[in-house]
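Reading the structure
Here are the chains, one letter per residue:
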Amino acid sequence: MTPRIDDLPVRDELRGKSPYGAPQLDVPVRLNTNENPYPLPEELVDRIAERVREAARNLNRYPDRDAVELRTGLAAYLTDTTGHRVGVENVWAANGSNEVIQQLLQTFGGPGRTALGFEPSYSMHGLIARGTGTGWISGPRNEDFTIDLAAAERAIAEHRPDVVFITTPNNPTGTAVPPETVRALYDAAQAAKPSMVVLDEAYIEFSHGDSLLALLDGRPHLVVSRTMSKAFGAAGLRLGYLAADPAVVDAVQLVRLPYHLSAVTQATALAALEHTGTLLKYVEQLKSERDRLVSELLALGYEVTESDANFVQFGRFDDAHAVWRQILDRGVLVRDNGVPGWLRVTAGTPAENDAFLDAVRELKKEQT
Ligand code: PMP
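As recorded in an unreviewed UniProt entry, the protein chain goes by the name Histidinol-phosphate aminotransferase, listed as coming from Streptomyces griseoviridis. Recorded in UniProt under Cofactor (unreviewed entry), the annotation for the protein chain is "pyridoxal 5'-phosphate". Of the protein chain, the UniProt comment under Catalytic activity (unreviewed entry) reads exactly: "L-histidinol phosphate + 2-oxoglutarate = 3-(imidazol-4-yl)-2-oxopropyl phosphate + L-glutamate".

So this is what it looks like as structure tokens:
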């Protein structure tokens, strides 16, 4: 008999639930997980090998538990790219921003506490809430997927969550959140509790606008979460980080596992930071490919949600899942995030995007 989860004494809130599951299918064109389509440049691969070789000589020892050299490099990257001074004391790093978010919920959420996000948004916020025993509250969005400020303020006042997630640009819709909305939601969250506000900027490098990192000034309960998985093209590295008041960095030490960032991860991320310029040069190209996807989808008669990220939400479909399958049958994997009527496509290389556009063009022809 195959073992079943429900036969085990798992926690009640996990019963009948499914794990996060973007399909990892072996198809020619994979545009479903918002990865960067460009492999790391060879000179960086060589530098990683060199740094990892050095680190390997000391693998008998635990790594730097506080990842000071890496956090210093990340702080310099944030300062250089935003003009807002960030020091090592403001930065914390973990295995992907998923782990950053988990550590934040372990610290500020947990049993008897709640977190609120404006949905549809990144599904892992709710799943990590569940995994940490934090209650999840689904806040509202407008029809066009922007945040309805008045409704959002009402939801915060009513539920008084311990943690509020604001994702900008939002996944899966691509929607950017204006700074005045973030300021107002922060104020609402402070008036209600006070609570922590997590600004998830996983895709910020692809945005038409600037990072909202400068909002950290004078807002000790604001946390900006970032990742090297998207703009840096290093999803396989698993490196996420946050910027916040030094007290927040101290607080997450209470829940982080000792030595959570391996010496190999730290060495690889440091090598990647040495090549920031080369890595980020693909960002401009991906932004223009994103804009091309938007205009070609519109020209084909699809509806498109305005995007500030490296992906585009398009629709509308009576049965989005059936369309997802038809696109997959043509060798292109996009994402069905479960938003009724909509699918999401990641901006790939020009050739991958052409393959996707050919597939949806064919579908349109079949319908007419
Ligand atoms: N935040 C958002 C909004 C995301 O879309 C993702 C990845 N899809 C993450 C965080 C997590 O990324 P990672 O753990 O790879 O840093």
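1. Quick look at the overall build of the protein chain
Per the secondary structure count, the protein chain includes eleven helices and twelve strands. For 368 residues, the compact-globule estimate of 2.2 N^0.38 gives 21 Å, and the protein chain sits close to it at 21 Å. By sequence separation, contacts in the protein chain at least 24 residues apart represent 72% of the contacts at least 6 residues apart.

2. Looking at the UniProt feature "modified residue: N6-(pyridoxal phosphate)lysine" (unreviewed entry) in the protein chain
UniProt records the feature "modified residue: N6-(pyridoxal phosphate)lysine" (unreviewed entry) at K230, using the numbering of this structure. Look at K230 and you get buried, because 25 C-beta atoms sit within 10 Å.

3. What to know about the pairing of strand β12 (residues 342-346)
Among the five residues that make up β12, five are buried, leaving the element largely enclosed by the rest of the structure. Of the two faces of β12, the one holding W342, R344 and T346 and the one holding L343 and V345 are both buried throughout. Alignment of strand β10 (residues 311-315) against β12, held across five bridges, turns out to be antiparallel. From the neighbouring strand, Q313 faces β12, where its bridge partner is R344.

4. Re the site of the ligand
Every one of the 13 residues lining the ligand counts as a neighbour, but G96, S97, N98, T227 and S229 are closest to it. Among the elements that take part in the shell around the ligand, helix α3 (residues 96-108) stands out by supplying three residues, more than any other. The residue makeup of the shell around the ligand, split by class, is three nonpolar, nine polar and one charged.

5. Regarding the domain arrangement of the protein chain
Splitting the protein chain by domain gives domain 1 (5-40 + 280-367) and domain 2 (42-277). With centres defined by C-alpha atoms, the gap from domain 1 to domain 2 works out at 24 Å. Taken together, the contacts link 27 residues of domain 1 with 27 residues of domain 2. Of the residues in the side of domain 1 that touches domain 2, the class split is eleven nonpolar, seven polar and nine charged.

6. Structural notes on the sheet that holds β12
Strand order in this open sheet of three strands is β9-β10-β12, and the pairing throughout is antiparallel. Edge positions in the sheet fall to β9 (303-304) and β12, since each has one partner strand and no second. Note that β9 and β10 share two bridges and pair antiparallel. Counterpart to E303 in the pairing with β10 is G315. In the packing of helix α9 (residues 276-299) onto the sheet, contacts are made with β9, β10 and β12, and the angle to β10 comes to roughly 10 degrees.

Quick notes on the rules
- Residues numbered from 1 in each chain as written.
- Predicted model: local features only at pLDDT ≥ 70, side-chain atom pairs only at ≥ 80, totals over all residues.
- UniProt positions renumbered as here; feature names shortened; annotations may be inferred.
- Helix = DSSP H or I, 4+ residues; strand = E, 2+ residues; numbered from the N terminus.
- Rg over C-alpha atoms; globule rule 2.2 N^0.38 Å.
- Contact = placed C-beta atoms within 7 Å.
- Buried ≥ 20, exposed ≤ 12 C-beta atoms within 10 Å, placed from the backbone.
- Pairing = 2+ DSSP bridges.
- Near = placed C-beta within 6 Å.
- Nonpolar A, V, L, I, M, F, W, Y, C, P; charged D, E, K, R; others polar.
- Domains from an automatic or database assignment.
- Axes fitted to C-alpha atoms, helices over the stretch in contact; angles between N-to-C directions.

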